[in-house]
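Now for the letters of each chain:
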Amino acid sequence: MAVMDSVEAQEPRAARPPAFAGQHQPKPLKFDPAKLDGLSERLVKSHWENNYIGSVRTLNMIETRLAAALADPDLPPVVYGGLKREELHRTGSVVLHEVYFDGLGGNGQAGGAVREAIAAAFGSFATWEAEFRRTGMSLAGGSGWTILAYNLHTRSLHTHWAWDHMHGAAAGVPLLALDMYEHSFHMDFGTQAARYIDAWFKNLDWEAVDRRYGQAAAAARS
Ligand SMILES: [Fe+2]
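Notes on the structure in this doc start here. (Residues numbered from 1 in each chain as written. Predicted model: local features only at pLDDT ≥ 70, side-chain atom pairs only at ≥ 80, totals over all residues. Heavy atoms only, no water.)

### Some remarks on the coordination of the iron ion
Thinking step 1. Taken together, His-47 (NE2), His-97 (NE2), Asp-179 (OD) and His-183 (NE2) make up the full set of protein donors to the iron ion, lying 1.9 to 2.1 Å away.
Thinking step 2. Counting along the primary sequence, the residues that act as donors to the iron ion give the motif H-x49-H-x81-D-x3-H. Placement of His-47 in helix α2 (residues 41-70) and of His-183 in the loop between β3 (172-179) and α6 (186-189) is noted, with a sequence separation of 136 residues between them.
Thinking step 3. Here His-47 falls in the buried class, since its relative accessible area comes to 2%. (Donors = N, O, S within 2.8 Å, 3.2 Å for Na, K, Ca; no water. Helix = DSSP H or I, 4+ residues; strand = E, 2+ residues; numbered from the N terminus. Buried < 20%, exposed > 50% of the residue type's maximum accessible area, 1.4 Å probe, protein only.)

Right under this line is the structure:
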């Protein structure tokens, strides 16, 4: 018996359960992209409109395709697996881009409990920054993310290397994400990734990072 009845794949979009709803909405930029220091409006707007919003739209499309595919009893599992891979890929892209853009728009001055926690975790804040920059540069010429994450399981801070949108430590909550895909810097910096990383650090909103850290640490305690 087909599983069509259980997933209501043929119902109107509004009737689909959340996992198949395809109703994710893009988050607006919280800052004026014309006012960042060293990152051009053209670059940031292109990144937000084309890459981020493109992923939101594709994720929505994939969710609806999953519902339709689940209703097809003859669909080969490998075809379903392709959709599930794309669901994971686009979910990672949406989440990490939202963390990326939420981390911009500030004055680059680190503060708050997260700065103290970083210094304690890495020996010093400067050591963390050096490791974060080096991890970012290890992806230059390729693609991926460098992520400061708080791990809900180990209750510790780490910087992670991510080759694509699907990499991430289990139970790691991203607090700060550096996009190292070429679309995030090539328009302004060409292949000079180190200059991009310098500009990115200058625009960080550490209040947002501190807020994420507080939420993750509270979740780990609860
Ligand atoms: Fe991106």
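### Description of the packing of α2 against helix α3 (residues 77-102)
Thinking step 1. Their axes nearest at 9 Å, the elements α2 and α3 cross at an angle of 150°. Where α2 crosses over α3, the two elements pack in a sense that is left-handed.
Thinking step 2. Residue composition of the contact of α2 with α3, by class: 14 nonpolar, 7 polar and 6 charged. (Axes fitted to C-alpha atoms, helices over the stretch in contact; angles between N-to-C directions. Left-handed = near helix turned anticlockwise from the far one by under 90°. Nonpolar A, V, L, I, M, F, W, Y, C, P; charged D, E, K, R; others polar.)

### A look at unusual backbone geometry
Thinking step 1. Positive phi, normally seen in glycine, also occurs at Arg-155, with a value near 55°.
Thinking step 2. Tracing the backbone through its elements, the reader meets Arg-155 in the loop between β1 (145-151) and β2 (156-162).
Thinking step 3. Taking relative accessible area as the criterion, Arg-155 reaches 52% and is therefore assigned exposed.
Thinking step 4. Unusually for a residue other than glycine, Ala-171 sits at a positive phi of about 70°.
Thinking step 5. Here Ala-171 lies in the loop between β2 and β3.

### Overview of the sheet that holds β2
Thinking step 1. The 3 strands are arranged β2-β1-β3 in an open sheet whose pairing can be described as antiparallel. Where the open sheet ends on each side, the last strands, each with one partner, are β2 and β3. Going from strand to strand, the sheet's axes swing by 25° on average, the running direction of each strand aside.
Thinking step 2. By the bridge criterion, 7 bridges tie β1 to β3 in an arrangement that is antiparallel. If you follow Tyr-150 over to β3, its bridge partner there is Val-173.
Thinking step 3. Of the strands in this sheet, β1 and β3 are in contact with α3, which crosses β3 at around 70°.
Thinking step 4. Contacting β1, β2 and β3, helix α5 (residues 125-138) crosses the sheet at an angle of about 20° to β2. (Pairing = 2+ DSSP bridges. Contact = heavy atoms within 4.5 Å.)

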